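Take a look at the letters that make up each chain.
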Amino acid sequence: MRKKILPYLLLSPMILIMGVLVFYPIIATFSYSLKKWKLTAPNDIHMVGLRNYAAILKSDSFWYSFQNTLFILAVVVLLTTVLGFLTSIFLNIDVKWSGILLAVAMLPWALPPYVNGILWKFVFSSGYGFMNKAVIGLGLADKPIEWLSSRWSLLFIVSLVVTWRSIPFTALVCLAGRQSIPGGLYEAARIDGGSKRTIFQMITLPLMLPFLAIGITSTSVTAINVFDEIIALSGYSDLGKNILVESYMTTFSFLDFGKGSAVTYLVMLFAGILGIFYLRSLNKEVEY
Amino acid sequence: MKFGKKIGYFIALVIFLILTLGPFLWTFVLSITPEYAMMEKTTRLLPEVITYDNYRELLTSGTQKGSILITGIRNALKAVGATLILGIPIAMMSAYALSRMEFKGRLLIKNLLLITMVIPVMATIIPLFRLFVARQWLDDVFWLSTVYVSSYLPMITWLMSNYFATIPKELEEAAQIDGCGRLSSFLRIILPTSYPIILSAALIMFLNTWSQFQIPLILASSLETKPVAIVVSEFMTKDSVQYGLTAAAGIIAVLPPAAAALIFRRFLVSGMMGGAVKG
Amino acid sequence: MKKRLISTLLILSMTAVMAAGCSKEPASDSNGDKTEDTSSGSNTEGNEGIEGGSITFMAPDWAIPTDDQLKAFTDETGIEVTVNEVGWDDIRDKMVTAAAGGQAVADVVEVDWSWVGEFYAADWLEPLEVSDEVKADMPTLETFTKDGNVLAIPYANDYRLSYYNTKQYEDAGIKDEPQTWDEVYANCKTLKEKGVCDYPFALPLNAEEKTSTYLMWLAYTMNGVVFNDDGTLNKDSVLAALKYEEQLIKDELVDPADKTSSGMDAYKRILSGSANFLTGPTSFVSKSTNEEDCSVIGQITPILVPGKDAKATVTMALPEALGVTKFSENKDAAKKFIEWYTSAEMQEALNETNTAIPTLNSVLKKLIDNGKIQNAGAMMEQAELIASPFPGGVPSYYAEMSNAMYNAINKMALGEMTADEAYAEMEAKVTELAAE
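How each quantity is defined
Residues numbered from 1 in each chain as written. Chains lettered and ligands numbered in written order. Predicted model: local features only at pLDDT ≥ 70, side-chain atom pairs only at ≥ 80, totals over all residues. Helix = DSSP H or I, 4+ residues; strand = E, 2+ residues; numbered from the N terminus. Buried ≥ 20, exposed ≤ 12 C-beta atoms within 10 Å, placed from the backbone. Contact = placed C-beta atoms within 7 Å. Pairing = 2+ DSSP bridges. Axes fitted to C-alpha atoms, helices over the stretch in contact; angles between N-to-C directions. Nonpolar A, V, L, I, M, F, W, Y, C, P; charged D, E, K, R; others polar. pLDDT = per-residue confidence, 0-100.

**Description of the overall build of chain B**
A count of helices and strands for chain B gives 12 helices and 2 strands. Of the regular secondary structure in chain B, the N- to C-terminal order runs α-α-α-α-α-α-α-α-α-α-α-β-β-α. Oriented by its inertia axes, the alpha-carbon framework of chain B measures out at about 75 × 70 × 35 Å. When each of the 279 residues of chain B is scored for burial, the buried share is 51%. Within chain B, contacts between residues at least 6 apart in sequence are counted, and of these 73% link residues at least 24 apart.

Here you go:
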């Protein structure tokens, strides 16, 4: 009897926290999204069913933002995964100062996203920011380049900036994954005469897959939820807005809580679909 | 061959350092550049006149900006502490149950937990605010930390349960046969072998907490509770864009997590290497 | 050894959670008391004062009085003031979240001129009483008045004033200060041709609030009108202003960087001599004499804003004010605080400590006359021309309207649209909003 209760007992604090602070709020937000609720019309709040969703899905502005979100997602996930994995290999090399390198590698992560955005704005600013000083100084251009003034170059720079901040986590997860592979496996493989390449293909890569998966999941969530960097780099401009900026503007700037909640829900739905896809790969538990 | 490898490593090292530290160095340069010189049209990288006024303003005790910054750092550290004390044990209990016990609804609970990873802050913040108002939890580091914990739990629990799963079941079974209870076998077998992942989890939580912005902005932005991330952003508002000061504050604000990463690294690396032979 | 140490630590931390769980009770209690204090009106300890009680005050850093000033207020009235300093951009978000939860974010809050319309529609502000004497002396009060209700009292003045670099004018052989927008344009061309200044006109074009307001006051000072009485855009006026901006961009009289850097950076170009002409915030009067901000001290002169055929007869103000929230439970104390804060003596004191520009014209005049405000130029004259371009007060959809405007202007600046197309885009949105 005691044995049966124990797991639930162990899980109860987690369930309590998640229930109160995550599940309850998202249900509440869903109920907002079904209402006409504009703060500037406090006496006119009523249920409208799915009309908010219909209006959003019909607007060009939403689809424009959605494209931007997809672009950022694709670039960030690709770059972060590749570079994060490479960084983990680099950090895994045992040298005297590898501990310090690890600490250095973690630095971008500690930057608040908004500060991160400001920092890169200094680099890419259209006047004489670092990049322009560099390209002009090297004679690659004769006047400042406007890095942030066309849609795709802006989005690409946003993606780079987000990638820079996301690499540490992916690298750390890969590193942890790599090092949690029992050393015995490698020894056994070596004794069996496996070459470096086959060891990598047969042992390292498959055993690291679930870790890569969590890195990718986390990166995707970060990429979908990019907000501060966009604001820091391009303000509240239409040019680079993603769905989250759209949701923020609708809610906090235009004070339309009903519609804003609906946009937020669409972001979540989109992330959720990706999430279910990842869940499958995450649930393949590793057996050694 | 060996020489080639060294060269390769050296090149990788240089690229790594430039890409990682470059933006910080540039920010540092800006923080010692006088405000008017920032707009100058020149390709010179270093300013003609170097000024440490920004740091002086932030670090001299008694100045208003300086004391706010220091308070912000202290607040962020407090939140980190509370988050770790609360989050690590909860995550460990959950991870242990999910990875090493069989019970009804295990997969469902695990999936429900994992899927919350995708929920953006925006989707929960307004109801959360209402809840915090109703319960008088606003501007309270403890309750703020519970929100942080709720957003880290899926990731941390997953990492830990993954790690716990790699510990051979036979070890624990043997201990149980020897008459150890679940608790003592957990303390004797699981805990000692899994401190690397616990320390990584702690570092992950530290760094994530350090960079929180939107949640504390809404739930804890009083002077006594707002973290340094918000303080730094406040140096840059509407009509007073103080780039130099913002840059200097950004540099100062990144020092504590940098120090933590440096101190942690010994445990982190030595711990991590415990299980693995280099391959 | 190390392993054991760590597991001991972990166990300790677990017990600490338990302890924290228990010791939490008194802690949260005391916190509850604190909130109680701020919201329970007259509080026992404060009774010995005239009124007592305590209030919370939320404002950006430049509005926070010194400790001495606050202490003087408390000594005088017995009202304790808890200051909550929040970044300007974040105040509105906090107000919105709190109001959506039916809560007062503070008793006294910062109210920017652009927020008045929506705060009024959302019914977040308590109407205030102001004497006729003050009304006559405070032209910016009009901006904060809706349907006869004064919703907030301005404490920091900010109206558009023009600035130009006199030395560059001399270098280019231009004698007189510009009287009209056409002259400004012609002079900028001369400055560029003679190589005195590459991008003489400082114009915010980034997708942000300042870009919208620039267009508004450009149209307002050029043609005396921005909006029709029904809230829609006045086509003749706004389109002319937009075309004026387009011409400046085409002739490269505006720095290409202005298209994406912040509006404030565009303004600041005048402080390094990289721009010659600016119509911008009043704060540049003091910035242009401050060594830390300015590298061309002594060259910048504040002048009256140009108009169509002569100097403009109006200027737009963008003041900041303080209001009392509807949800506040200490309204009387809060009103008393605002009255004190915006009084003539405090305005004088705040100019000294916070470099706030007085909203009472009498105080402004006094400060200019006794030399407290230097290099004032046309500052005083201009202050007397303050008027509001919004016929029915700032509209409740201001944020959405401004968003449509700055995005259209930004697209025009980036060459994606012509002035006509940009106008059509913003007009469609404004008309839709005004009809609602």
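Let's pick the thread back up.
**Things to note about the sheet that holds strand S1 (residues 54-59) of chain C**
Residue and element names in this part refer to chain C. Pairing is mixed in the open sheet, where 5 strands are placed in the order S2-S1-S3-S11-S6. The strands lining the two open edges of the sheet, one partner per strand, are strand S2 (80-85) and strand S6 (153-156). Neighbour-to-neighbour, the strand axes of the sheet open up by a mean angle of 35°, direction not taken into account. Alignment of strand S3 (residues 108-112) against strand S11 (residues 320-324), held across 5 bridges, turns out to be antiparallel. Residue pairing across strands places Val111 opposite Ala321, the latter belonging to S11.

**So, the interface of chain B and chain A**
Facing 80 residues of chain B, the contacting portion of chain A comprises 80 residues. Within the residue set of the side of chain B that touches chain A, elements represented by two or more residues are helix H1 (2-31), helix H3 (64-100), helix H4 (106-115), helix H5 (125-135), helix H6 (141-165), helix H9 (195-210), helix H11 (228-234) and helix H12 (243-273) of chain B. Of the residues forming the side of chain B that touches chain A, the biggest block, 13 residues, is contributed by H12 of chain B. Looking at side-chain class alone, the side of chain B that touches chain A contains 55 nonpolar, 19 polar and 6 charged residues.

**Considerations on the sheet that holds strand S9 (residues 300-303) of chain C**
All names here are of chain C. Spatially, S8-S7-S9 is the arrangement adopted by the 3 strands of the open sheet, whose pairing is antiparallel. The outermost strands of the open sheet, each flanked by one partner alone, are strand S8 (277-280) and S9. Strand after strand, the sheet turns through a mean of 25° between neighbouring axes, direction not considered. The pairing of strand S7 (residues 161-165) with S8 spans 4 bridges and is classified as antiparallel. The residue of S8 that forms the bridge with Tyr164 is Phe277.

**What to know about the environment of Val226 of chain C**
Residues and elements named next belong to chain C. As for its placement among the helices and strands, Val226 is situated in the loop between helix H8 (209-223) and helix H9 (235-250). Placed 160 residues apart in sequence, Val226 and Thr66 show a C-alpha to C-alpha distance of 39 Å. Sequence-distant contacts of Val226, defined by excluding residues within four places in its chain, comprise Met216, Ala219, Tyr220, Asn234, Ser237, Val238 and Pro389.

**Description of the confidence of the model for chain B**
Note: predicted coordinates in regions of low pLDDT should not be interpreted at a detailed level. Residue and element names in this part refer to chain B. With 91% of its residues at a pLDDT of 70 or more, chain B has an overall mean of 82. The lowest-confidence element of chain B is strand S2 (residues 240-241), averaging 60 in pLDDT; the highest-confidence one is H3, averaging 90. Here residues 270-279 is a poorly scored stretch, pLDDT under 50, and it has 23 contacts once near neighbours within four places are set aside; other chains count. Taken over the whole predicted complex, pTM reads 0.83, whereas the ipTM for its chain interfaces reads 0.83.

**A few points about unusual backbone geometry**
For Leu255 of chain A, which is not a glycine, the phi torsion comes out positive at approximately 60°. Its identity is not glycine, yet Gln136 of chain B carries a phi of approximately 55°, on the positive side. Tracing the chain through its elements places Gln136 of chain B in the loop between H5 and H6.

**Details of the environment of Arg165 of chain A**
Residues and elements named next belong to chain A. Positionally, Arg165 belongs in helix H7 (residues 151-180). Placed 58 residues apart in sequence, Arg165 and Leu107 show a C-alpha to C-alpha distance of 8.7 Å. When sequence neighbours within four positions are dropped, the list of residues in contact with Arg165 reads Pro108, Trp109, Leu111, Pro113 and Asn116.

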